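Each chain, written out:
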Amino acid sequence: SWGTVGSNDGQFLHAHGITIDSQDNVYVSDAENCNIQKFDKDGNFITKWGTKGIGPGKFLQPESMAVDSLNNIYVAEYSGKNIQKFDSDGNFITMWGKEGEKKGQFVHQHDITVDSNDYVYVTDGRQNSRVSVFDSDGKFLKMWGSEGSKKGQFIEDHGIVVDSEGNVYVVDTRNVRVQKFD
């Protein structure tokens, strides 16, 4: 294990999200320190990025993260209502999204994952109750879901993963179930 309480390299105030790239580097989001820290697989600090604020490379509350086939890091930023994309060294690439209920907008994105085609899936589990899908540049592709308890509906969808065959699994928290989609 690694990490202690604080704001210096290798320290956390509210570690929230974690992901691993193809080289087994570990990325941890810290919602309170408003940054992303990168470690090797043994917990040795490599680098960190992010400052408090709104805009490219800034966070108010970075939460979930995912990695694509090129080891780019996608960060779901709760308070900023956006997705930010960085290379594996923390260099900003692009961002998309804003607060709202229209296509490509978020109220509270809970989790994020990337499939083998580098499509980005985001759960937006409060108020919007849906999954939104984007290409790796942030272009909106599709969405599904609504609030409710029927098949394909959610009450606060949280976790999301995609398997090797492209099936999407979504944790539907308040309905106390997992739903699987093609």
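Our subject is the structure that appears above.
What comes next concerns the included structure. Bear in mind that the values here come from a model prediction, so they are computed numbers and not experimental data.

1. Structural notes on the side chain of Thr 123
Move 1: By the secondary structure assignment, Thr 123 is in strand 14 (residues 120–124).
Move 2: A distance of 2.6 Å separates a polar side-chain atom of Thr 123 from the backbone oxygen of His 158.
Move 3: Not counting the four nearest positions on each side in its chain, Thr 123 is found in contact with His 108, Gln 109, His 110, Asp 111, Arg 130, Val 131, Asp 157, His 158, Gly 159, Ile 160 and Val 170.

2. Re the pairing of strand 17 (residues 157–162)
Move 1: Looking at chain direction, strand 17 and strand 18 (residues 168–172) are connected through four bridges and run antiparallel. Residue pairing in the sheet places Val 161 in a bridge with Tyr 169 of strand 18.
Move 2: Taken together, strand 17 and the strand that follows it, strand 18, pair antiparallel across an intervening segment of five residues, in which Gly 166 is found at a positive phi of about 90°.

3. Section: unusual backbone geometry
Move 1: You will see that Glu 156, though not glycine, has its phi angle at about 65°, which is positive.
Move 2: Looking at where Glu 156 falls in the secondary structure, it is placed in the loop between strand 16 (140–144) and strand 17.
Move 3: We classify Glu 156 as buried; its relative accessible area is 11%.

4. What to know about the sheet that holds strand 9 (residues 62–67)
Move 1: Pairing is antiparallel in the open sheet, where four strands are placed in the order 9-10-11-12. The outermost strands of the open sheet, each flanked by one partner alone, are strand 9 and strand 12 (92–96). Between one strand axis and the next, the sheet turns by 20° as a mean value, whatever way the strands run.
Move 2: Note that strand 11 (residues 82–86) and strand 12 share four bridges and pair antiparallel. Across the sheet, Gln 84 pairs through a bridge with Met 95, a residue of strand 12.

Each value, and the rule that gives it
Every chain begins its residue count from 1, and numbering advances along the sequence as written. Local features in this predicted model are restricted to residues of pLDDT 70 or higher, and side-chain atom pairs are both shown and tallied only at a pLDDT of 80 or more, whereas totals for entire chains, interfaces and linings draw on every residue. Just so you know, side-chain values use all the structure's heavy atoms and leave hydrogens and water out. Starting at the N terminus, helices and strands are each numbered in turn, a helix being any DSSP run of H or I of at least four residues and a strand any DSSP run of E of at least two. Pairing of N or O atoms within 3.5 Å defines a polar contact, subject to two protein rules: one partner must be a possible hydrogen donor and the other a possible acceptor, and residues neighboring in sequence count only if both atoms are side-chain atoms. Two residues qualify as a contact provided that any one of their heavy atoms is within 4.5 Å of a heavy atom in the partner residue. Between any two strands, at least two bridges found by DSSP are needed for them to pair. Relative accessible area decides the class of each residue, using a 1.4 Å probe on protein chains only: under 20% of the type maximum gives buried, over 50% gives exposed, and in between gives partly exposed. Note on definitions: angles span 0 to 180 degrees between N-to-C directions of axes, and those axes are lines fitted to C-alpha atoms, for helices only across the stretch in contact.

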